[in-house]
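Working through the structure, step by step
The residues making up each chain are set out below.
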Amino acid sequence: MAWGGSACAICRSWQRQVFCAACLARFAAPPSGAGQALGAAGAVCAVCAMPAAEPGALCARCQADRPPFERTIAALRYGPPWQRVIHGFKRLEGAGWSRPLSDLMQAPLRAAYAEQAWPQRIVPVPLARGRLLARGHNPAWELARCLAAQLQIPTQPSAVLRCRETPSQRELSRADRLHNLRGAFVLAPGAQGWFKGARVAVVDDVMTTGATVTELALTLRRAGVQSVHVWVLARTPLDMT
Ligand SMILES: [Zn+2]
Ligand SMILES: [Zn+2]
């Protein structure tokens, strides 16, 4: 986790890690259990990691309309100070932070799979080619790559391709967002066999509405994937229905 810099990415204090121990103790979740990282509010939905009435319960939305993925594991709540850190990570300025950020996902993941088999494949949510070129890297792949190495689970950067990027979806209803994303992902030629019958973890940096991972999970399920789990660094508690 050591790096060449000299300031904590959160508090700017001098030290040798990307995030200092004091900031991690203050802002990162204690490794207390799957999804509990979403914080003070406590219980989160086992499927989508949004707040739920009690631990293990499903939120009202998942009860009414079950997503095509089975569970979501989020390490952090999207908000200060992680919002700023993740913005930096998305730009190349934070490209070297993938290891310490993926480290934050380890404890919630290990807790989540204490009594369940691990996924057999890891895939990052892909960026469309234009956006990848503009940005210089795919943060989801940076996280996926680190997790795959640490957990010894196979991954590939482009087993799934994104045919197009969708414009900002912030103003759209959930139904419109899902409609916009329809057909956005395709399997790479030859990837079908790699996926068929496998339990797959989809990795992204931030999960906001869930529309993107929903469409990706649908694509994978249609390709014969047995189950899809979603692993995200941060889950935004904001939800615009
Ligand atoms: Zn700090
Ligand atoms: Zn839910």
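None of the values given here were measured: they were computed from a predicted structure. (Residues numbered from 1 in each chain as written. Chains lettered and ligands numbered in written order. Predicted model: local features only at pLDDT ≥ 70, side-chain atom pairs only at ≥ 80, totals over all residues. Heavy atoms only, no water.)

**What about the pattern of salt bridges?**
- Applying the stated rule across the entire model yields three salt bridges.
- Put simply, Asp-205 and Lys-90 hold a salt bridge, and the shortest N to O gap is 2.8 Å. Of the two residues, Asp-205 sits in strand β5 (residues 199-207) while Lys-90 sits in helix α3 (residues 82-90), which places them 115 residues apart along the sequence. Each member of the pair, Asp-205 as well as Lys-90, carries the same accessibility label: buried.
- Here Arg-99 makes a salt bridge to Asp-103, at a shortest N to O gap of 3.3 Å. One end of the pair is Arg-99 and the other is Asp-103, both in helix α4 (residues 98-112) and four residues apart, which spans about a single turn. (Salt bridge = Lys/Arg side-chain N within 4 Å of Asp/Glu carboxyl O. Helix = DSSP H or I, 4+ residues; strand = E, 2+ residues; numbered from the N terminus. Buried < 20%, exposed > 50% of the residue type's maximum accessible area, 1.4 Å probe, protein only.)

**Points about the pairing of β5**
- Of all the nine residues making up β5, eight are buried; the element is thus mostly covered by neighbouring parts of the structure.
- Sheet topology places strand β2 (residues 121-124) next to β5; four bridges connect them, and they run parallel. In the strand pairing of β5, Val-123 is matched with Val-202.
- Examined bridge by bridge, β5 and strand β6 (residues 227-235) share eight bridges and lie parallel to one another. (Pairing = 2+ DSSP bridges.)

**Some points on the coordination of the zinc ion (ligand 2)**
- For the zinc ion (ligand 2), every protein donor is listed as Cys-45 (SG), Cys-48 (SG), Cys-59 (SG) and Cys-62 (SG), and the spread of their distances is 2.3 Å.
- Taken together, the four donor atoms surrounding the zinc ion (ligand 2) define angles of 104 to 116° at the centre, an arrangement classified as tetrahedral.
- Sequence spacing of the donor residues for the zinc ion (ligand 2), all on one chain, is C-x2-C-x10-C-x2-C. Of this pair, Cys-48 sits in the loop between α1 (21-27) and α2 (60-64) while Cys-62 is found in helix α2, placing the two residues 14 residues apart along the sequence.
- The buried category is assigned to Cys-48, whose relative accessible area is 8%. (Donors = N, O, S within 2.8 Å, 3.2 Å for Na, K, Ca; no water. Tetrahedral: all angles 85-135°; square planar, octahedral: opposite > 155°, others 65-115°.)

**Things to note about the coordination of the zinc ion (ligand 1)**
- Protein-derived ligands of the zinc ion (ligand 1) are Cys-8 (SG), Cys-11 (SG), Cys-20 (SG) and Cys-23 (SG), with the metal-ligand distances lying across 2.3 Å.
- Each donor residue of the zinc ion (ligand 1) belongs to the same chain, and together they define the spacing C-x2-C-x8-C-x2-C. Of the two residues, Cys-20 and Cys-23, neither departs from the other in class, the shared state being buried.

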